[in-house]
Amino acid sequence: MAESGGTADILEDIENQGIIDYEVGYDKYMVINPTMSFSNPLEMTSTNRYISVISKMSPSPDWFSGFNDFNAVNEDKQTWYKEFTLETYPYDAGTEDGNTYNTYNEATTPQQPISEMTPLNLPNGVYLNGDGNDVLPVAKYTCSLNTYSSSKTDIETIDSYVSSSRNVKYNCAFENQWSPERHPNNFPTVDRISVHWTKQILAAHDNEYHIWKEGDMASEGVKNMAEAGYISTIIKDLQNNGNSYDIGYDKYLYALDPKVTYEPLKMTYNERYVSAISKLAPSPDWFSGFHDFNAVNERTNTWYQEFTIPIYPFDAGTEDGDTYTISNAPTVPIQPISQITVEYLQAKFTNKVFLNSMGDDIFPVGTYTCVLSDDIGDDVDKETPGSPFITPTTPTRSPTMQSTIMSEPRGESKQVYNKNGLIIGLTLGLASAVFLSGFVVYTFLCRKSRPSSKEHAEEVSNSRIITSTPSEIEEGKQEANGGEGNSETGEIHEREIS
């Protein structure tokens, strides 16, 4: 890895060791943006709680960076760190000579131990800061606890052939599944007023913005929404951050239809994360939704054609109460946002709300489904290179908690080019008919008044001969075929994973 960048041997060692999970990042992202996100959350257990990272710095002889054996558990408190950031420094693998940024060098004989590159042992002064007295970090890794991805979500996705460089729109719908049949314990009286979802927020945003997250304390906006259904503070935050969002209205759920359909949600590669939130009413501070779903398959660099996310109830941690009531005392001190699970009910609640009829599970209270719109914008996100349509490669490892199905190529482009072919065909046919008609008229007139050979020769010599050359016809064919070819080709992003 340190000499050539190859990862196959390391991955083989990881798999042979039975390590529970690993991720491979791809250098193509570093060209686009100095920040690279790994494709999937890293699954960890109390046994496998150590994290290591390694990556070659290229070009170089055998220099790399990373960190090793970081314990993600605070052993004093026996809790996972909510977030940690590690800065990394350059290392010499001790396998190849060389004192500058060259790829081809002699092997180090005998091989030396791995060593950190410091001001005391730097070859040729590489990696020194401007003052020449220190080596600054070359990278920084930040990991955040993501309890959502490890909870019961069962997200389903379908891949598309649309490159993530293309700005897109999603048609999204929410279907209510919160009902006395699925959640019978203490379910409130079913009528159009008392049982409802408040106005629902669906937003596309970047990786820096979060509406809500388990383990975090509820923001003022989430508190107002979870307790009273007010959404103005969250909307202001979205507007200030420049995010795309839409609002569904509770009147559609019980008064008319248990499904809410949103206006198309605009998304770009930078704003490729989707979050949703809505209060379950009546309740103390209970809500549901999902957060920070990445609508791009990072392994194939394409937008998902469709994704379906079942959602579960959450406690905002700001108001007491264990049944469907709205007037309750505030929670002091405020607690982190928590998913209401069977274990959570046993520890916190007297009334077993949300449990199924068997009392052993909590079913989803709703489902969000988003489908890629046929109305794909012409604008391309300049941060992400690539053609609008690409052929995804098949990953060797399936994304965690997601089942991926390949869809058929998009029919819209084929329809467009079929129409173009029809137009070209009709045009050529009409031109041929006009030419044939002219030829018949010309022949008739020539027969009626034919000039002498001498007069005919003089006419030809004094005329400008105009012809439709074969090259013009071929150019027309090439343009039509080129349009069709462009829909099928594009930059293919390949990944080498062993």
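Parameters at a glance
Residues numbered from 1 in each chain as written. Predicted model: local features only at pLDDT ≥ 70, side-chain atom pairs only at ≥ 80, totals over all residues. Heavy atoms only, no water. Buried < 20%, exposed > 50% of the residue type's maximum accessible area, 1.4 Å probe, protein only. Helix = DSSP H or I, 4+ residues; strand = E, 2+ residues; numbered from the N terminus. Contact = heavy atoms within 4.5 Å. Disulfide = S-S within 2.5 Å. Patch = residues over 30% accessible without salt bridge, like charges linked within 9 Å, V, L, I, M, F, W, Y side chains within 5 Å. Areas by Shrake-Rupley, 256 points an atom, 1.4 Å probe, with all protein chains shown as cover. Salt bridge = Lys/Arg side-chain N within 4 Å of Asp/Glu carboxyl O. Lys, Arg positive; Asp, Glu negative; His and termini not counted. Charge placed at Lys NZ, Arg CZ, Asp CG, Glu CD. Pairing = 2+ DSSP bridges.

> Can you walk me through helix 4 (residues 220–228) in this structure?
Every α-helical turn comprises 3.6 residues, leaving residues that sit three or four positions apart pointing alike. Regarding helix 4, the residues found buried are Gly221, Val222, Asn224, Met225 and Ala226. At its buried positions, helix 4 is contacted by helix 5 (232–240), strand 16 (273–281) and strand 17 (286–294). Downstream of helix 4 by one or two residues, glycine 229 has phi in the positive range, about 85°.

> I'm lost on the state of the cysteines in this one. Help?
A covalent bond bridging the sulfur atoms of two cysteines is what the word disulfide describes. On inspection of all chains with the given rule, the structure shows one disulfide. The side chain of cysteine 172 participates in a disulfide bridge whose partner is cysteine 370; the two sulfur atoms lie 2.2 Å from each other. Between cysteine 172 and cysteine 370 the sulfur-sulfur dihedral comes to about 115°; the bridge is accordingly right-handed. Taken together, the residues cysteine 172 in strand 10 (residues 168–176) and cysteine 370 in strand 21 (residues 366–372) connect sequence positions 198 residues apart. For cysteine 370, a relative accessible area of 0% corresponds to the buried category.

> Would you mind going over a negative patch on the surface with me for this structure?
A cluster of like negative charges, contributed by Asp9, Glu12, Asp13 and Glu15, occupies part of the molecular surface. Mapped onto the fold, glutamate 15 is located in helix 1 (residues 8–16).

> I tried to follow the pairing of strand 10 on my own but got confused; where do I start?
Remember that side chains alternate between the two faces of the sheet whenever the strand is regular. Pairing of strand 10 with strand 15 (residues 265–267) involves three bridges; the strand directions are antiparallel. Bridging across to strand 15, tyrosine 170 finds its partner in leucine 265. With seven bridges connecting them, strand 10 and strand 21 associate as antiparallel partners. Residue pairing for strand 21: asparagine 176 is matched across the bridge by glycine 366. Pairing of strand 10 with strand 14 (residues 259–261) involves three bridges; the strand directions are antiparallel. Bridged to alanine 173 within strand 14 is threonine 261.

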